[in-house]
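Single-letter residue listing:
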Amino acid sequence: MDDIRSYLAPVIIIGVIAIIFAIYLARDVMRKDTGTPEMRNISDRIFEGALAYLKRQYRTIAILAVVTSVVLGVLVYFFEKDQQTTRALITSLSFLFGAALSGISGFIGMYVAVRSNIRTAAGARKSLADAMNVALRGGAVSGFLVVALALLGVASVYLIVYQFAEGALPTVAETPYWIVGFAFGASFVALFAQLGGGIYTKAADVGADLVGKFEAGIPEDDPRNPAVIADLVGDNVGDCAGRGADLFESSSAEFIGAMVLGVALYKASGAGDDSISWIFFPLLVGAVGVICSLVGLLTVRPKGAISDPMGELNRGFYVVSALAAVGLFGLSYWVLPYGQWQFALCGVIGIVTSIAFLFITQYYTAGTYRPVREIADQSRRGVATNMISGLSVGMETTGLPAVVISVALLASYSLGNSVDFPSDAAVSAGIFGTAVATMGMLMSAAYILAMDTFGPITDNAGGIVEMSNQPESVREVTDALDSVGNTTKALTKGYAVGTAALAAFLLFSAFLEEVNRFKGVGNEVERVVNVAEPKVFVGGLIGAMIVFLFTSLAIRAVGNAAGDMIEEVRRQFRADPGIMAGTSQPDYARCVDISVRSALREMVLPGALAVAGPVVVGAALGWEAAAGLLMIGTIAGILMALFLNNGGGAWDNAKKYIEAGNLKDENGNILGKGSDAHNAAVVGDTVGDPFKDTAGPSLHVLIKLFATITLVLAPLFI
């Protein structure tokens with residue numbers, strides 16, 4: 001036990017440091033100016049709406065989680081072959097623990113963002129630097145707390161379960177197999193949090209845009225629009241709460257999956273005292289990443305006149321990446337018994353992959369590059385050409401990321417495969433190399449989540465400025481930050497898809513390890529899944545089908561919920577002409593309530609499909625079919641998520657490109673707000689909204705849910 005604690009102690013200490021740092025950032029943000037009474041009134045409405053939604057959503061998710069934990073425990077009890085009662089109880093409880101921490105992560109992300117938006121708006125009255133500093137530090141509170149919870153959660157559940165785990169392997173190696181329920185619980189809550197939040201935010205956004213902009217002809221975030229508060233609330237419950245739960249789930253699932261793969265190298269190394277380093281190395285990599293992210297964040301201290309806010313954020317990311325590369329080599333030589341430089345390079349491959357995704361996503365979603373400008377230019381010819389161009393760009397965006405992922409997997413596998421182990425463990429070492437690449441990509445997770453939460457904070461700040469009738473100069477500051485925020489949100493989604501892709505291979509390999517463990521076969525036996533087998537092919541076909549059907553249900557859910565919102569906004573305009581005249585106030589609470597009820601109702605069916613699909617396929621057709629579903633469903637899900645995220649982001653920024661006055665006709669006249677080109681771009685943006693904020697982000701959670709549920713229920717499928 002002492003050796004185990006020597007590995008976990010640094011993880012726990014760094015997790016605590018991350019929490020202390022997050023508290024420091026939160027206190028710094030909370031001391032900032034909160035602006036005028038009008039601004040505070042609007043911010044309070046957003047906070048109340050977001051809190052009300054999360055309470056109702058988490059109450060629903062809690063009921064689903066408790067029921068699922070009971071069913072999970074029963075299945076494990078009946079299908080495990082050893083220690084059935086203990087394993088069933090631990091699986092259920094670890095599932096609930098993971099679910100609870102995932103929910104807490106989402107709540108933290110939302111709470112801090114809502115408290116930061118008013119201070120960002122107030123900072124915009126002084127300078128762009130002040131507003132940017134508040135927004136980034138507010139987002140960083142969520143980033144560091146979420147990653148800290150993942151580290152502390154996995155470390156603590158390991159230490160607790162270690163006291164009870166028994167099996168064919170030594171306890172230190174047996175325990176990772178016992179805690180996979182923790183990862184499933186995190187994935188379960190993350191899916192519903194991301195899906196429900198995405199439905200909520202886009203129902204409000206689409207309803208507010210279609211009636212407010214098109215029918216009533218009023219600006220975005222105009223206080224006369226009854227749906228505007230619901231729209232601003234949605235930015236927090238979707239982009240903040242959902243993404244916080246998502247990245248907690250990503251970190252937790254990858255940590256545990258990599259620990260399971262480390263067990264194979266533990267056995268290959270002779271199961272000695274030094275060998276346990278393979279099991280705990282992934283957690284140590286995550287801990288080093290937190291320190292690197294902390295230093296990187298502190299290097300971003302915008303002052304004076306800022307000409308390129310995105311450049312400031314990118315600089316911090318590059319600092320994190322450089323420190324992470326150095327940290328990987330130091331950690332590898334300190335901890336690993338052999339293969340130090342090979343596995344360190346595997347981690348560097350993951351870091352380079354994250355940078356590549358940064359550039360690729362920025363290229364396809366920022367207004368300074370060809371794709372967004374192409375969509376904006378096509379908007380001059382009408383809605384149809386805008387739609388065709390946007391769909392084309394979305395499909396194009398799958399190309400480069402697929403190549404990058406392929407190169408990363410092949411390179412990291414080859415490096416791991418080249419390590420000279422004392423026994424025949426080449427395949428296991430190669431797969432562990434891909435796991436280290438995934439860990440390398442996740443080293444910047446805290447900083448990436450800070451950049452992501454930066455987006456909805458600045459978006460909300462712009463809404464507060466607009467609704468409180470601040471001077472145009474203040475709105476220009478928040479618009480500039482909002483445009484950067486759209487790009488950072490798109491970058492984070494690309495990053496999340498990239499980590500999901502690498503992690504899916506990691507977790508797929510962990511699933512095969514679990515099959516081997518349960519069947520009691522050798523380490524290198526069940527490595528081949530024969531796609532020519534009909535049941536494997538059918539499993540893969542169903543996996544790809546679930547991705548498409550899930551996407552359809554998620555987008556349709558937004559359409560249904562938005563329809564309710566549109567009717568309510570129209571009703572209020574008809575019933576009270578004083579709203580448009582500015583003599584009476586809309587019923588904001590009614591629109592918030594409609595979004596809440598619609599989101600909770602509409603999230604159940606796609607969520608149930610995601611959970612039930614792999615279970616039914618595995619139980620009916622066996623573990624090979626479940627492997628086929630996991631393999632092909634992951635590939636389809638990655639490509640679909642890239643298409644939806646980047647296509648929607650490009651549509652959004654094409655609209656903003658036009659609004660910024662960058663599009664001109666043949667005579668050099670600016671085609672700005674209110675022009676036919678802008679109207680076409682608004683339609684494209686509206687279609688892209690459920691792509692990039694509902695279905696796309698939910699898909700990379702779906703990919704990992706496939707992996708964690710098959711990993712937990714492997715005994716059922718054999």
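In what follows, the accompanying structure is described. Just so it is clear, the model here is predicted, and its values are computed rather than measured. (Residues numbered from 1 in each chain as written. Predicted model: local features only at pLDDT ≥ 70, side-chain atom pairs only at ≥ 80, totals over all residues. Heavy atoms only, no water.)

**Regarding the packing of helix 9 (residues 309–335) against helix 10 (residues 340–365)**
One can describe the packing of helix 9 onto helix 10 by two numbers: an axis separation of 7 Å at closest approach and a directional angle of 170°. Regarding the angle of helix 9 to helix 10, the classification is roughly antiparallel. Considering only the axes of helix 9 and helix 10, their crossing is right-handed. In the contact of helix 9 with helix 10, the residues fall into 17 nonpolar, seven polar and no charged. (Axes fitted to C-alpha atoms, helices over the stretch in contact; angles between N-to-C directions. Helix = DSSP H or I, 4+ residues; strand = E, 2+ residues; numbered from the N terminus. Parallel < 35°, antiparallel > 145°, perpendicular 65-115°, else oblique. Left-handed = near helix turned anticlockwise from the far one by under 90°. Nonpolar A, V, L, I, M, F, W, Y, C, P; charged D, E, K, R; others polar.)

**Things to note about the pattern of salt bridges**
Overall, the coordinates contain 22 salt bridges when judged by the stated rule. Linking Arg 380 and Asp 377 is a salt bridge whose minimum nitrogen-to-oxygen distance equals 2.8 Å. A relative accessible area of 26% means that Asp 377 is categorised as partly exposed. Notably, a salt bridge pairs Glu 568 with Arg 590, separated by 3.7 Å at the nearest N-O pair. (Salt bridge = Lys/Arg side-chain N within 4 Å of Asp/Glu carboxyl O. Buried < 20%, exposed > 50% of the residue type's maximum accessible area, 1.4 Å probe, protein only.)

**Here's the deal with the packing of aromatic side chains**
The full count for this structure, using the stated rule, is 24 aromatic pairs. Between the aromatic rings of Phe 21 and Phe 144, the centroid separation amounts to 5.0 Å while the plane-to-plane angle is 80°, which identifies the pairing as edge-to-face. Here Phe 21 is found in helix 1 (residues 2–30), whereas its partner Phe 144 is found in helix 4 (residues 128–161), with 123 residues between them in sequence. Phe 21 gets classed as buried once you look at its relative accessible area, which sits at 8%. (Phe/Tyr/Trp six-rings, centres within 6.5 Å; stacked < 30°, edge-to-face > 60°.)

**Some remarks on helix 12 (residues 383–396)**
For helix 12, built from 14 residues, the straight-helix expectation of 20 Å at 1.5 Å per residue is met to within 8% by its first-to-last C-alpha distance of 20 Å. Here helix 12 has its buried residues at Asn 386, Met 387, Ser 389, Gly 390, Val 393 and Gly 394. Seen along its axis, helix 12 keeps its buried residues to an arc of 170°; they face one direction. For helix 12, the exposed residues lying more than 90 degrees away from the buried face are Ala 384, Ile 388 and Met 395. Close packing links the buried residues of helix 12 with helix 10, helix 11 (370–378), helix 21 (623–659) and helix 22 (676–712). (Expected span 1.5 Å × (residues − 1). Arc of directions from axis to C-beta. Contact = heavy atoms within 4.5 Å.)

**Re the side chain of Ser 354**
Looking at the secondary structure, you find Ser 354 in helix 10. When its relative accessible area of 4% is taken as the criterion, Ser 354 is described as buried. A polar contact of 2.5 Å, which involves the side chain of Ser 354, links it to the backbone oxygen of Ile 351. When sequence neighbours within four positions are dropped, the list of residues in contact with Ser 354 reads Phe 317, Met 441 and Tyr 495. (Polar contact = N/O pair within 3.5 Å; in protein donor to acceptor, adjacent residues only side chain to side chain.)

**Some thoughts on helix 20 (residues 604–621)**
Taking 1.5 Å per residue, 18 residues should reach 26 Å; helix 20 reaches 26 Å between its end C-alpha atoms and fits that length. The complete set of buried residues in helix 20 reads Pro 606, Gly 607, Leu 609, Ala 610, Val 611, Gly 613, Pro 614, Val 617 and Gly 618. Where helix 20 ends, the next residue or the one after it, Gly 622, has phi of about 100°, a positive value.

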